[in-house]
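Summary of structural features
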Amino acid sequence: MATQYTTDIPFSSSHHQQAFKLLELPPELLALLESDNPPILTVTSSAATETTPGYALLCHDEKRYQMRQKNTSNPILVLKPSSTGPTEADDASTFIPVPSITAIAKIEDTIELILQEGDGKAPPKVNKWHEKFAKSRLEKKG
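Residues numbered from 1 in each chain as written. Predicted model: local features only at pLDDT ≥ 70, side-chain atom pairs only at ≥ 80, totals over all residues. Heavy atoms only, no water.

Quick word on the overall build of the protein
Going by this rule: Helix and strand assignments come from DSSP, with helices taken as H or I runs of at least 4 residues and strands as E runs of at least 2, each series counted from the N terminus. Burial classification: accessible surface area is computed with a 1.4 Å probe over protein chains only, and a residue below 20% of its type maximum counts as buried, one above 50% as exposed, and the rest as partly exposed. In these tables, accessible area is a Shrake-Rupley quantity obtained with a 1.4 Å probe, and a residue counts as shielded only by the protein chains included in the view.
Across its full length, the protein carries 2 helices and 6 strands. Reading the helices (α) and strands (β) of the protein from amino to carboxyl end gives β-β-α-β-β-β-β-α. Here the protein, with 142 residues, has 23% of them falling under the buried criterion. Only carbon and sulfur atoms are counted for the fraction: they give 57% of the accessible area of the protein, which is about 11,100 Å².

Focus: the pattern of salt bridges
Basically, it comes down to this: A side-chain nitrogen of Lys or Arg and a carboxyl oxygen of Asp or Glu constitute a salt bridge if their distance falls within 4 Å.
Within the structure shown, the criterion is met by 4 salt bridges. The closest approach of N and O atoms between E24 and K70, which form a salt bridge, is 3.3 Å. With a gap of 46 residues between them, E24 in strand β2 (residues 22–24) and K70 in strand β5 (residues 63–83) connect regions that are remote in the sequence. Taking the relative accessible area as the measure of exposure, E24 reaches 36% and is therefore partly exposed. In this structure, a network of salt bridges that share partners links the residues E24, K70 and E112.

Brief notes about the environment of P38
Put simply, the test is: The contact definition used throughout considers only heavy atoms, calling two residues in contact when any of these lie within 4.5 Å.
Checked against the element boundaries, P38 lands in the loop between α1 (27–33) and β3 (42–45). On the basis of relative accessible area, P38 is assigned to the partly exposed category, the value being 40%. Separated by 22 residues in the primary sequence, P38 and H60 have C-alpha atoms spaced 9.9 Å apart. Once residues within four sequence positions are removed from consideration, P38 is found in contact with L32 and L33.

Notes on a nonpolar patch on the surface
Test applied: Exposure above 30% relative accessible area and the lack of any salt bridge qualify a residue for a patch; like charges then connect within 9 Å, and the nonpolar side chains Val, Leu, Ile, Met, Phe, Trp and Tyr within 5 Å.
Judged by side-chain polarity, F11, L77 and L79 come together as a nonpolar surface patch covering roughly 290 Å² of accessible area. Structurally, the position occupied by F11 is in strand β1 (residues 11–13).

Examining unusual backbone geometry
Even without a glycine there, the phi angle at D61 is positive, about 45°. Note on placement: D61 falls in the loop between β4 (56–60) and β5. Taking the relative accessible area as the measure of exposure, D61 reaches 68% and is therefore exposed.

Digging into the environment of A103
You can see A103 is positioned in strand β6 (residues 99–115). A relative accessible area of 2% means that A103 is categorised as buried. Residues A103 and S14, spaced 89 residues apart in sequence, show a C-alpha to C-alpha distance of 6.0 Å. Discounting residues that sit within four places of it in the chain, A103 has contacts with F11, S12, S13, S14, Q17, V78 and L79.

A closer look at the pairing of β5
Condition: We call two strands paired when DSSP finds no fewer than two bridges between them.
As paired elements, β4 and β5 share 4 bridges and run antiparallel to each other. Bridge pairing in β5 links L57 to Q66. Between β4 and β5, which pair antiparallel and follow one another directly, the connecting turn spans 2 residues, one of which, D61, has a positive phi of 45°. Bridge analysis of β5 against β6 gives 15 bridges, and the strand direction is antiparallel. If you follow P81 over to β6, its bridge partner there is I101.

Below you can see the structure in the form of structure tokens.
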């Protein structure tokens, strides 16, 4: 008699999703953070003007990065290992749990870092489509 193996991995989604924000690091900043002497990072705010609001800045040494939220076209799922439990149809006394995975968060937007110019001015606006998409998504949720 042939033995049949299953390669299925049971998947579930947690009812209580956790809140996560992913921060995209430029390669040069990632290298600094992974070095033997990583810099201290601080988050500050730029000064608001009559025409533009202030925005969040990630700073270290003399470099400043503007922090911008952008939407992803495909959500990112954060998973954790779990195991199956008995259902109403199973005998709980003889049930054998099976390893599985559970989605604990769904991330639909990330934070990107834009290196600031030497004069401290914000770089020109890009990805306006992403900003409009984020606003429409928030309106649908509300």
